[in-house]
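# Per-entry structural report
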Amino acid sequence: MSDSLQEYKIPHAGLKKEIHEFSYELNEAFFASFENSLINQCNIQVNVTFDKRQEPYTIEIDLDGTIWSDCDRCTASIPVTIHSSYTIYAKYTVDEAMKEMDDPEIIYIAKDDQYIDITQFLYDFVHLSIPVHVICDKPGKTEYCDMEIIGLLEEQHKEENTIDPRWEGLDKLKDKLN
């Protein structure tokens, strides 16, 4: 990872045993540091609460902001609001192998580590906050909608709902029998 991501490390070594607050803003530059990121445009406010009063340390991450994603209906780029909260834990370890463990909720740190790196967690949590289905609030009625695609979809919907005359005759026969 690049040096531009240094600010997303919590300097826990010099902090008192109390609750600490950190704020970050994630934008396109943050996501450009990762390969194959799904996010090209965003504005996300991150509030981190680091509780160092007892081990394991608790790190609460609150995400609030907007990302731009492709609409599943018309494929236009639309703003998607995200609000999510996640909790991870930091534990001391003397075993170097433990530091390399890929645990989704626990960061293992050595006693002599100066920082807790939450960069990858921020990246992952924002991606996990993207809804499975991305559709605008009022399909076809927003400034973002691709009206050409919406028109084609409506035309296709009408064609699918048109009953073949052969089936229409069979439906009449079925109704007479019932």
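Residues numbered from 1 in each chain as written. Predicted model: local features only at pLDDT ≥ 70, side-chain atom pairs only at ≥ 80, totals over all residues. Heavy atoms only, no water.

### Looking at the overall build of the chain
- Looking only at helices and strands, the chain features 5 helices and 7 strands.
- The helix and strand sequence of the chain, counted from the amino end, reads β-β-α-β-β-β-α-β-β-α-α-α.
- Relative to its 178 residues, the chain shows a buried fraction of 34%.
- In the chain, the proportion of contacts linking residues at least 24 apart, taken out of those at least 6 apart, comes to 57%.
- Summed over all atoms, the accessible surface of the chain reaches about 11,900 Å², with 48% contributed by carbon and sulfur. (Helix = DSSP H or I, 4+ residues; strand = E, 2+ residues; numbered from the N terminus. Buried < 20%, exposed > 50% of the residue type's maximum accessible area, 1.4 Å probe, protein only. Contact = heavy atoms within 4.5 Å. Areas by Shrake-Rupley, 256 points an atom, 1.4 Å probe, with all protein chains shown as cover.)

### Notes on the nonpolar core
- Counting 41 residues, the largest nonpolar core has Ile-44, Ile-59 and Ile-118 as the members making the most contacts within it.
- Filtering out sequence-adjacent residues up to four positions away, Ile-59 remains in contact with Ile-10, Val-48, Thr-49, Phe-50, Tyr-86, Thr-87, Ile-88, Ala-90, Ile-107, Ile-116 and Ile-118. (Core = buried A, V, L, I, M, F, W, Y, C linked by side-chain atoms within 4.5 Å.)

### So, the pattern of salt bridges
- Going through the model one piece at a time under the given rule, you end up with 1 salt bridge.
- In this structure, the salt-bridge partner of Arg-53 is Asp-51, at a minimum N-O distance of 2.9 Å.
- On the accessibility criterion, Asp-51 (17% relative accessible area) is buried. (Salt bridge = Lys/Arg side-chain N within 4 Å of Asp/Glu carboxyl O.)

### Looking at unusual backbone geometry
- A cis amide bond, omega 0°, links Glu-55 with the succeeding residue Pro-56.
- Relative to the helices and strands, Pro-56 resides in the loop between strand E3 (42–51) and strand E4 (57–70).
- Of note, Asn-36 is a non-glycine position whose phi angle comes to about 60°, a positive value.
- As for its placement among the helices and strands, Asn-36 is situated in the loop between helix H1 (28–32) and E3.

### What to know about the pairing of strand E5 (residues 77–92)
- Strand direction decides the pairing type here: E4 and E5, joined by 14 bridges, are antiparallel. Following the sheet pairing, Ile-67 is matched in E5 by Val-80.
- Hairpin geometry of E4 and E5 is characterised by an intervening segment of 6 residues between the two adjacent antiparallel strands and by a positive phi of about 65° at Thr-75.
- Examined bridge by bridge, E5 and strand E6 (residues 106–109) share 4 bridges and lie parallel to one another. Looking across to E6, one finds that Ala-90 is bridged to Ile-107. (Pairing = 2+ DSSP bridges.)

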